[in-house]
Every structure is written in C-alpha cells, then in structure tokens.
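A structural walkthrough
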Amino acid sequence: MSELLKMTGIGKSFGSVRALDDVDLTLHSGEVLALMGENGAGKSTLMNILSGSLVHFEGEIFIDGEKHAIGSPIHARDLGIAKIHQELQLVREMSVAENMFMGREIMGKYGFVNKRAQEREASKYLSMLELDINPRRLIKSLRVGEQQMVEIAKAISLNARILIMDEPTSAISKTESEHLFAVIRRLARENVGIIYITHRMEEVFQVADRLTVLRDGKLIGTVDARNTTRDAIIHMMVGRELGDMYPKAPADIGDELLRVEHLNLVSQKGSFRRQLKDVSFELRKGEVLGIAGLLGAGRSELLECLFGVHPNDATGDIYIEGKKVEISSPEKAIACGLSFATEDRKGKGLVLLRSIGENMSLPMLKLFKKGPFIDVRRERTYWRKQMDDMSIKAPGYKTLCGALSGGNQQKVVLGRWLMTNPKVLLLDEPTRGIDVGAKAEIYSLINKHAMEGIGIIVVSSELPEIIGIADGIITLCEGRITGNFTRGDVTQEKLLYAATLRQEEAI
C-alpha cells in the first residue's frame, strides 16, 4: 500500500493548554487506521487540523507526498478529505437529501436545485448502508441512530480518498454497525484510506489494520491490530492497568420500588415514535435493571413514558413503592422521585453555552429559591459538593459545559439528576461516545448509588456493558418484552436471540 497521508510534528496549543505535542501520523491507501485515546487525548484536535477546521498549528501535512497547507473544510474536501462527526452536523428542519448535498447542490439547467436528482442520489447511498429511509423525510423526524446513519451516508457520498470516522457507531445498532463495517471494507478495497476513531474495543479488531494511540496530546505508539490485545491498547491509552471494567459489587436488593403494568404507547399519524405494547416489569431498591434491544425496539420510548414525556399517548399503571401514581409530565415524574438522563446529552441533556453549575441547577431551581431570588450561596455549595462527588475534571463550576470532554459532560448530566435525590434513576445510553477510563468511572458511580438504595434502569446498545453492570435484564423487540434474564444466566447470545424475536415468535 502506498503512503496516502503523512502528518509530522503536529503541535497545537489553546492558551496555556498543550492539546498536541509533536504528533506524527501515517495513513496508507486502502488502510483502516484506528485512532485511539481517552477523551482529551488530542484525537479530535488532530482530526480538526486534518479536516481544515483548525488552521493555525505546528507541523506539516503531506498528501501523496505533496505538502499542503489545509486552509478550510472546503479546501480539505477539495483534497479528498471527508469527516463524519460524532456530534451530528445536520440541519433538523431540512430533508435527508438536502442535508446530504448541502453546499454542493445538484443544479438543473435553469439554475434551480434539482431536488429529484438529489433524492435519487441520496437513495443510492442510503441503500448502500441498507437504510430504509425516505430521502424526503426531515432530519428532525429521525431518531439519533438514524441521523447518525444519514451523516455516514453523507460522508460516503463525497467519494473521499481520506475518510475520517469519529465514533460512527456510537448511536447505531449492532445490525447497522455490521452494514457499516461491510461498507468500510469495500471502501478500503477501493483504496480509500480511513481513520477510524472509536472507544469500542471490539470494533478495532473487526475493522482496523493498525492503531495509533494518543495520550495527553502525545503520540504513544502505532501497532499492528493483529499483533496486539485489548489490555495492551487500554494500557497504552490510560497509562495504567484498568483492572475490572465492570466493578459490580454484590447486589443488596431490597423491596419493590417501581412497578409498571400493561404500559402501552401508541404512535400518532405523522410521528416516527416507536410503539410499546403491554410492557410490565418491576424494579427493586438497589437494583440495576438493564434494557437491551436493537435500535427502534422502543427502549428510549419506555424511559420517556416513565418520565411523563408522552402523557396523551401512553396508557398503563405505574406504582412507586406500592402506591399508584399518575405521571403526566416530567415535573410530576421528578416529584415522584424519578430522574432521566437522555441519550442525547448535547441536544437534550445540557445547555452547552452555560456553566457546569447552571446546568446542574436546572431541575432544582425551586429548591434554591429564597423569596423572589435564588440563594446563590446555597446553590454553589451544592455545585461544589456534586463536582467532588462525581470527580468532574474542570477548573470550577463556572466552566462552560461545551468546553468539557464527553465523559465529564456525562458526569454533569448524572450529577444534576442525582442532586434531586431520586428514588429511580433512568439512564439512556449513559456511556455513549466516552472513553474506557470515563466509562469505568460511570460504572462505579452507578454501582455506588445502587448500593445506596436507588433503583437504576439502564438502556445500552453495548451487550458486554449491560451484562457487566445489570442485576437483571429485559429485552425489547418491536415494543414488546421478549426476554427476562438474571445476572447469572445471561449471555450475549441469549440477549441477541431475545432481541430479535418478532411478535409471532415472542413468548
């Protein structure tokens, strides 16, 4: 394979913070290079330099042996470089096809955009990923996982020679991931060089030829994927032995905390919300209950119903500590002792341009009221305590959430909801898009608060994760419960089988 890209001596500082320090990276044509490292290691900064988003840096970039000073994302695109962003770069009010061809619209002979031609082309790339999505649909009507697949199709449509994939599977199902891996292999056979950023170790060994590891802005090394191990990669990333990934203590499960009986959710005309059909289960004090299933199974909708997001379309009975409750809004859910950390921490979980403290206070402003004002001193005492309890790495509570790493953002979300002293904590994909070190910290926090008697429901697409942290697991398929497992008798094979049982097969 010929050398397609060479980055040498790359350095970048943001004020006094050294984000990259003398980093080298080489990519060959037809190669999949995994770029690994914890959040804050410098991966995104390095790729922003390559994709033209950052233009003032130290070092040199060579493409096909020719030196280039990449001055903008458009310049990068003209050089054959495309990037799939972890945080979606889509316009919600526009259609799938319009998003895919934004800035490079297909024009008709009279100077107008040829929408039909764009939709035909969009369908071609969506089909490549085996996506049954109408290119005329608005982005806002799609779930996060579907939007992620549109972002991937958009990048593939650019016919790039260097394709940067930043956490492309963070919000998609296992089946969709397999489709993506097949496309990656095909692109590699066509001599496209792919830089693949992921925190999912199993993916590295499925798709990567080599791995380059960064830590604290420095190059730790590059190794052949066939000649290394998961433990060796983790050690390179964190500089220490990670130990047991899932620090699950023996569960001290108490009395019934939450009972759900015959929960149904209907999908109104024009809505792309998944339905729920006769869902019943129990959660006990100190128990971690996992919810598994493929994308579109109704996992997120289940948590949303419990939190009062769909009061007009949901039916069924909910009991808290044996008492029937009516949860018709998130405000009433909080009053009943429920808290909900959504899967989309940047879109729905945080106000990125506000501080850590302000984000933590959002569901608790009434607690801090002192007459017509906010008791600032009391509020800040809570902020400091929660930052310490959650081990949030930031200069202080005034730090903007948008400046934090993914793992620390997730801790802010969890810290906020734990400040409400919940009885039941609902977590939708709590470790999506964060590194292995931050994941271990989140698992420890889940374990700690379960031991304090909180009942926790966790939705996760990562089967090893849900098996590792849950006391019991239920699977959903097409909005129905299709499996119920205890910690001692569950395997990935059993979960996958149950998660694919359609209505006519379910027991």
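Further up the page is the structure itself.
What this report covers is the structure whose coordinates are included nearby. All of these numbers come straight from a predicted model, not from anything done at the bench.

**Some remarks on the side chain of Arg259**
Here Arg259 is to be found in strand β11 (residues 256–265). Judged by relative accessible area, which is 19%, Arg259 ranks as buried. A polar atom in the side chain of Arg259 sits 2.9 Å from the side chain of Glu261. Not counting residues up to four positions away in its chain, the partners in contact with Arg259 are Phe281, Glu282, Asp317, Ile318 and Tyr319.

**Section: a nonpolar patch on the surface**
A cluster of nonpolar side chains, contributed by Leu365, Ile374 and Val376, occupies part of the molecular surface with about 220 Å² of accessible area. Relative to the helices and strands, Val376 resides in helix α13 (residues 376–390).

**Here we look at the pattern of salt bridges**
Within this structure, the stated rule accounts for 25 salt bridges. Here Glu58 makes a salt bridge to Arg18, at a shortest N to O gap of 2.8 Å. Here Glu58, found in strand β4 (residues 58–63), pairs with Arg18, found in strand β2 (residues 17–28); they are 40 residues apart in sequence, far enough to count as distant. You can call Glu58 partly exposed: its relative accessible area is 41%. Taking relative accessible area as the criterion, Arg18 reaches 32% and is therefore assigned partly exposed. As a salt-bridge pair, Arg259 and Glu256 come within 2.6 Å of each other at their nearest N and O atoms. Look at the salt bridges and you will find they share partners, linking Arg18, Asp21, Glu58 and Lys218 into a network.

What counts, and at which threshold
- Residues numbered from 1 in each chain as written.
- Predicted model: local features only at pLDDT ≥ 70, side-chain atom pairs only at ≥ 80, totals over all residues.
- Heavy atoms only, no water.
- Helix = DSSP H or I, 4+ residues; strand = E, 2+ residues; numbered from the N terminus.
- Buried < 20%, exposed > 50% of the residue type's maximum accessible area, 1.4 Å probe, protein only.
- Polar contact = N/O pair within 3.5 Å; in protein donor to acceptor, adjacent residues only side chain to side chain.
- Contact = heavy atoms within 4.5 Å.
- Patch = residues over 30% accessible without salt bridge, like charges linked within 9 Å, V, L, I, M, F, W, Y side chains within 5 Å.
- Areas by Shrake-Rupley, 256 points an atom, 1.4 Å probe, with all protein chains shown as cover.
- Salt bridge = Lys/Arg side-chain N within 4 Å of Asp/Glu carboxyl O.

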